[in-house]
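Tertiary structure, described
For reference, the chains in residue letters:
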Amino acid sequence: MSATTALRTLTTGHIGLNVTDLARSIDFYRAVFGLEVTREGTDPERRFALLGRDGRLVVTLWQQSEGTFATSAPGLHHLSFEVESLQEVRAAEELLRGLGASFAHGGVVPHNEGSASGGIFFTDPDGIRLEIYTRTGVDETGATAPTPSAPTCGFF
């Protein structure tokens, strides 16, 4: 594939996720990320919800799955959301603890040893791996990277 492309601009669009319980997932993504339901499909054969923020679609949830997220299968590794400050990461961590979320590393950790960036790594109700991070300030917490030889966002 050529290093040149016809795409002159590129940003990430919305994320589409398969979930097992649409109502439960709507509640989770609204609580954690402050998303609003902009449209919801209630046809029993095609249940979905579009969730957005500030007039922009962020996540589409599709109720069409069974079981939990399979990390052993090809596909999505994790979703990462950036916030402006360590305080926002800490606030999200506190909220997630109140929701009973499962954390990969117990709390805020740097992306690499000595890195200023880092955050929290956790799962949604279906086991989908998520990250909330900031670019600065994590190096001042004294936390160490869980795996010195690989990025923390690897969920190793």
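Look a little higher up for the structure.
Described in the following lines is the structure provided in the data block. (Residues numbered from 1 in each chain as written. Predicted model: local features only at pLDDT ≥ 70, side-chain atom pairs only at ≥ 80, totals over all residues. Heavy atoms only, no water.)

For Thr134, the location among the structural elements is in strand E8 (residues 129–134). Accessibility expressed as a relative area gives 0% for Thr134, which makes it buried. At 3.4 Å, the side chain of Thr134 and the backbone oxygen of Glu84 are in polar contact. Setting aside its immediate chain neighbours within four residues, Thr134 contacts Val83, Glu84, Ser85, Leu86, Val89, Ala116, Ser117 and Gly118. (Helix = DSSP H or I, 4+ residues; strand = E, 2+ residues; numbered from the N terminus. Buried < 20%, exposed > 50% of the residue type's maximum accessible area, 1.4 Å probe, protein only. Polar contact = N/O pair within 3.5 Å; in protein donor to acceptor, adjacent residues only side chain to side chain. Contact = heavy atoms within 4.5 Å.)

This part takes up the pattern of salt bridges. Within this structure, the stated rule accounts for 4 salt bridges. The salt bridge partner of Glu82 is Arg135, with a shortest N-O separation of 2.7 Å. A residue pair is termed long-range when its members are at least 10 positions apart, and Glu82 in strand E5 (residues 79–82) and Arg135 in the segment after E8 qualify at 53 residues. Among the residues examined, Glu82 registers a relative accessible area of 40% and is labelled partly exposed. Residue Arg97 is joined to Glu93 by a salt bridge in which the shortest nitrogen-to-oxygen separation is 2.8 Å. Here Glu93 and Arg97 lie together in helix H2 (residues 86–99), a separation of 4 residues that amounts to about one turn. Taking the relative accessible area as the measure of exposure, Glu93 reaches 10% and is therefore buried. Within this structure, Arg90, Glu93 and Arg97 form a network of salt bridges that share partners. (Salt bridge = Lys/Arg side-chain N within 4 Å of Asp/Glu carboxyl O.)

This part covers the sheet that holds strand E6 (residues 109–110). Strand order across the open sheet formed by 4 strands is E5-E8-E7-E6, with mixed pairing between neighbours. Strands with a single pairing partner mark the edges of an open sheet, and in this sheet they are E5 and E6. As defined by bridge partners, strand E7 (residues 118–123) adjoins E8 across 6 bridges and the pair is classed as antiparallel. Residue Ile120 lies in a different strand from E8, and its bridge partner there is Ile132. Its contacts with the sheet place helix H1 (residues 22–33) against E5, E7 and E8, and it is angled at close to 10 degrees to E8. The sheet strands contacting H2 are E7 and E8, and the helix crosses E7 at an angle near 20 degrees. (Pairing = 2+ DSSP bridges. Axes fitted to C-alpha atoms, helices over the stretch in contact; angles between N-to-C directions.)

On to the packing of H1 against H2. Following both chains from N to C, one finds H1 and H2 inclined at 150 degrees, their axes separated by 9 Å at the closest point. Taken together, H1 and H2 sit at an angle that is classed as roughly antiparallel. Each of Phe28, Ala31 and Val32 in H1 lies in contact with H2, whose residues at this interface are Leu95, Leu96 and Leu99. Looking at the contact of H1 with H2, its residues break down into 6 nonpolar, no polar and no charged. (Parallel < 35°, antiparallel > 145°, perpendicular 65-115°, else oblique. Nonpolar A, V, L, I, M, F, W, Y, C, P; charged D, E, K, R; others polar.)

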